[in-house]
Amino acid sequence: MRLFILLATASVLWAQAPGPASAPAGNAQNGKKIFESYGCYQCHGHAGQGGAGARIAPRPIAFAAFTRYVRQPTGEMPPYTAKVVSDQELGDIYAFLQSIPQPPAAKGIPLLN
Amino acid sequence: MKKSKTSIGRRGFLKGTAAGAAAIVAAEPLAKAQRPSPASGTAVIPSATALAAETSTIPAAIEVLTADRPGSDFMVDILKSLGFEYIAANPGSSFRSLHESIVNYGGNKSPELLTCCHEESSVALADGYARVEGKPMAVMAHSTVGLQHAAMAIYNTYAARMPVFIILGNTIDAETRRPGIEWYHSAQDAVAMVREYTKWDDLPISLPHFAESAVRGYKIAMTAPMGPVVLVADSDLQERPVAKEARMKIPKLTLPAPLSGDSGAVAEVARLLVNAQNPVILADRCVRSEAGMKNLVELAETVQAPVAGGKFPSRHPLSQAGGRGLLANADLILALEVPDLWGTINSYRDQQIRTYRSNIKPGAKVVSISTGELDIKSNYQYFQRYAEVDVAIAADAEATLASLTEACKRLITADRKRAFEERGKKLAAAHDQALERARTEATYAWDESPVSTARMAAELWAQIKDKDWSLVTGGASRLWNVEKYYQSVGGGGAGGLGYSAPASVGAALANRKHGRLSVAIQTDGDLMYAPGVLWTAAHHRIPLLSVMHNNRAYHQEVMHIQRMANRHQRGITNAGIGTTITDPNIDFGAMAKSLGIHGEGPITDPKDLAPALKRGVEIAMRGEPVLVDVVTQPR
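Student: Quick rundown of the overall build of chain A? Include the residues and the values.
Tutor: When helices and strands are counted, chain A shows five helices and zero strands. In chain A, the succession of helices and strands from N to C terminus is α-α-α-α-α. Taken across its 113 residues, chain A has 34% of its residues classed as buried. Contacts in chain A between residues at least 24 apart in sequence constitute 69% of all its contacts with a sequence separation of at least 6.

So this is what it looks like as structure tokens:
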């Protein structure tokens, strides 16, 4: 039971881990570049549409939640710690994800109907 | 070129020295050591051994140079009696007599010899054929080295529980082996290296023994759980003539009826199924025939239970996408031939500290009906983690469907019927919502380059939906309308790469006589193991549309290396080293052309897909193989 409580506390702390409150002014162009070179595309696709991993664009989750998950993923995603990706670089990636436009509606694509 | 004055004509040399041949043989070692090498441009002086062989005066009565009825002819009789349509092989001298008997004595029909460029391709081709046709194709493999090449595909086939009948050439008698290469290509227990992942093997020492073991082997391969068998065809047994007075008999083949579940256990499962509030059927490898699919539909409809996985009509309202949500709400999971049940009802987290959690709620009942427990070996761990279940029936799930359905019908009350109808309505709504979600998901990256896999699937579906199609490798999109058991053939059992390309050719061959359009979604890494199978498809006029899912990588491995780099917090840009297939990019269209089939691509703009696929379908429909190379998103 003691162990369980400790783990539960740690979980809450992770959930509340401070991250940048709002997205920094990111460089979408650099974000696109490192989205590729850092391997994000491998699971999320070149346009963030998802694949082995979840869809993360367009309209990514809030930056704080995004950062928290990237640093300390609770699922299958490998962690990207500050040692290998800086907060600024995360901001750049986030800017890239924000720049991805909405796709056409399914109803407007004959092949999907 | 003017001959040297010192050269000696071979014929003249023989004429002049024949009388002394025997004496020369005796002196050969010393003579050879002392003989100078022939000068360049001169005729080679035959060795004393060769000379003796060509000229010795052995009495005609024992100098037997021909055989009117080699044992391999009888082996062909056996193959014909077992109904083999094809026999796949890369040529090898250890089965040269059987090879010759097939093409001459047997007329190269039933079985017809399929020329393969790799033994791994031969076995995988047979695996793909069995998935469609429901019976084995024969394969010939060449003793040591051929079986070594075939080994991975045999393991895949064993893990997938597919019937394949392998005839292995070998030369047991050291006295009759040709010196040199035939020693390298012989083994005292040739099957040893694959025995752990074959169902049965034998080394017959007489032709009647061969006949009996061939029939027995076929029966074993076809008895669930099915699997590959290996029959050694000793080269002497193949090449020695059958005595004129010999009475050769081929035993009658009677396949056993598939094992249906024990009636008491089936009744218990029916009780659980009828009384469950939220049952889920996991169909995985359950269905292998049209009748099996029909029976699975009837079971699902009888109790209005959702079906996830396996071969089930994709547009049926009870067809559900599966996933954790479906399992999390279930109070009964009925697993039908699920090879990795533990991995299905649990989620595993691949982080530094590996953890797992159950996908099902406490108290949920788990029922397994599977033949998997009837044939388990020790060394190779294909049998997966031990799964705790509440009821286990060691039987053929497909063969048990009808009796389970009838048992359910006997228990259904008016109240349960009403509950089923309500559940059915909810499931139908969930099915429609999931389909709508899949449509929306497909729109993301719709116009991207590289081409999204959803776009590729949608473009392909548009071209094949009005044909009698069969997806012979790769997974069907959720948006496709899968109605027949052969429309989703499935994949390799143990996940060994190099399987899909030859298996798709084998499945396409099986589809050919039914006039179906065979379509493969072919990955690049897999094709590069043994691309020669494209030539096999061209050579044997096997119609097949291969659409490349070319992500220019062994992508699963890219992700694994990325995971390690992230975990070790270093070098996260290096995951592509040793895992990607770029620099240079492979031009699969050009490669296809070089192997004799029509090739298109590489296609990077999704707008170019439709015309290329349309051409591809037209070519495949007129009976030829064709490859369309599409450069895709990773997944």
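Student: Account for the overall build of chain B, with residues named and values stated.
Tutor: If you tally the helices and strands in chain B, you get 24 helices and 18 strands. Sorting the 635 residues of chain B into buried and exposed places 48% on the buried side. Taking all contacts inside chain B whose residues are at least 6 apart in sequence as the whole, residues at least 24 apart take part in 79%.

Student: For helix 5 (residues 87-99) of chain A, give the residues involved together with the corresponding values.
Tutor: Look at helix 5 of chain A: 18 Å from first C-alpha to last across 13 residues, which is about the 18 Å you get at 1.5 Å a residue. Where the residues of helix 5 of chain A are buried, they touch helix 2 (28-37), helix 3 (40-44) and helix 4 (63-71) of chain A.

Student: Which residues make up the interface of chain A and chain B, and what values do they have?
Tutor: Between chain A and chain B, the contact holds 27 residues from the first and 29 residues from the second. Sort the elements by how many residues they give to the side of chain A that touches chain B and helix 3 of chain A lands first, with three residues. Within the side of chain A that touches chain B, the residues separate by chemical class into 16 nonpolar, eight polar and three charged.

Student: I'd love a proper account of the packing of helix 5 (residues 71-81) of chain B against helix 6 (residues 96-105) of chain B, names of residues and values included.
Tutor: To describe two helices that pack against each other, one gives the angle between their axes and the distance between the axes. Residues and elements named next belong to chain B. Relative orientation of the contacting elements helix 5 and helix 6 amounts to 60 degrees, with a least axis distance of 8 Å. As helix 5 packs across helix 6, the resulting crossing turns out to be right-handed. On helix 6, the residues touching Ser 72, Asp 73, Met 75 and Val 76 of helix 5 are Ser 97, Leu 98, Ser 101, Ile 102 and Tyr 105. Residue composition of the contact of helix 5 with helix 6, by class: five nonpolar, three polar and one charged.

Student: Please give an account of the sheet that holds strand 14 (residues 469-473) of chain B that cites residues and values.
Tutor: Residues and elements named next belong to chain B. The strand order across the open sheet formed by five strands is 14-15-16-18-17, and the pairing between neighbours is parallel. Either end of the sheet is taken by a strand with one partner, and the two such strands are strand 14 and strand 17 (598-603). Adjacent strand axes in the sheet meet at a mean angle of 20 degrees when their direction is disregarded. As judged from the seven bridges shared by strand 16 (residues 544-550) and strand 18 (residues 625-631), these two strands associate in the parallel manner. By the bridge assignment, His 549 is partnered in strand 18 with Val 630.

Student: Outline the confidence of the model for chain B, listing residues and values.
Tutor: Keep in mind that low pLDDT regions are not for reading the predicted coordinates in detail. All names here are of chain B. This prediction gives chain B a mean pLDDT of 91; 90% of its residues lie at or above 70. Residue range residues 1-56 is modelled with pLDDT below 50. Its contacts to residues more than four positions away, or to other chains, number 34 contacts. Confidence metrics for the complex model read pTM 0.89 and ipTM 0.85.

Student: An account of the sheet that holds strand 13 (residues 391-394) of chain B is requested, with residue identities and associated values reported.
Tutor: Two strands in a sheet stick together by hydrogen bonds in their backbones, pointing the same way (parallel) or opposite ways (antiparallel). Residue and element names in this part refer to chain B. With respect to topology, five strands assemble into an open sheet ordered 8-7-9-12-13, the strand pairing being parallel. With one partner strand each, in any of the chains shown, strand 8 (307-308) and strand 13 form the two edges of the open sheet. Its contacts with the sheet place helix 12 (residues 263-275) against strand 7 (279-282), strand 9 (332-336), strand 12 (365-370) and strand 13, and it is angled at close to 135 degrees to strand 13.

Student: An account of the environment of His 44 of chain A is requested, with residue identities and associated values reported.
Tutor: Residue and element names in this part refer to chain A. For His 44, the position within the fold is in helix 3. A tally of 24 C-beta atoms within 10 Å means that His 44 is categorised as buried. For His 44 and Asp 92, which are 48 residues apart along the polypeptide, the C-alpha to C-alpha distance reads 16 Å. When sequence neighbours within four positions are dropped, the list of residues in contact with His 44 reads Gly 50, Gly 51, Gly 53 and Ile 56.

Student: Please provide a residue-by-residue account of helix 16 (residues 397-411) of chain B, values included.
Tutor: All names here are of chain B. With 15 residues, helix 16 should reach 21 Å at 1.5 Å per residue; the first-to-last C-alpha distance of 20 Å fits that figure. Burial in helix 16 covers these residues: Ala 397, Glu 398, Thr 400, Leu 401, Leu 404, Thr 405, Ala 407 and Cys 408. Considering only its buried residues, helix 16 is in contact with helix 12, helix 13 (290-303), strand 9, strand 12 and strand 13.

Student: Any details on the pairing of strand 2 (residues 112-115) of chain B? Residues and values, ideally.
Tutor: Residues and elements named next belong to chain B. Across four bridges, strand 1 (residues 86-89) lies against strand 2 in parallel orientation. Its bridge partner lying in strand 2, Tyr 86 is registered against Glu 112. Between strand 1 and its parallel partner strand 2, the chain crosses via helix 6, and the hand of that crossover is right-handed.

Student: Break down the nonpolar core for me, with residues and values.
Tutor: With 162 residues, the main nonpolar core has Ile 87, Val 139, Leu 168 and Ile 333 of chain B as its most contacted residues. With nine residues, the top contributor of residues to this core is helix 8 (residues 143-160) of chain B. Excluding residues within four positions of it along the chain, Ile 333 of chain B makes contact with Val 280, Leu 282, Leu 327, Ile 345, Ile 360, Ala 364, Val 366 and Val 367 of chain B. Among the nonpolar cores identified, the runner-up in size contains 22 residues, and Ile 56, Leu 97 and Ile 100 of chain A together with Trp 446 of chain B belong to it.

How each quantity is defined
Residues numbered from 1 in each chain as written. Chains lettered and ligands numbered in written order. Predicted model: local features only at pLDDT ≥ 70, side-chain atom pairs only at ≥ 80, totals over all residues. Helix = DSSP H or I, 4+ residues; strand = E, 2+ residues; numbered from the N terminus. Buried ≥ 20, exposed ≤ 12 C-beta atoms within 10 Å, placed from the backbone. Contact = placed C-beta atoms within 7 Å. Expected span 1.5 Å × (residues − 1). Nonpolar A, V, L, I, M, F, W, Y, C, P; charged D, E, K, R; others polar. Axes fitted to C-alpha atoms, helices over the stretch in contact; angles between N-to-C directions. Left-handed = near helix turned anticlockwise from the far one by under 90°. Pairing = 2+ DSSP bridges. pLDDT = per-residue confidence, 0-100. Right-handed = clockwise from strand over helix to strand, strands pointing away. Core = buried A, V, L, I, M, F, W, Y, C linked by C-beta atoms within 7 Å.

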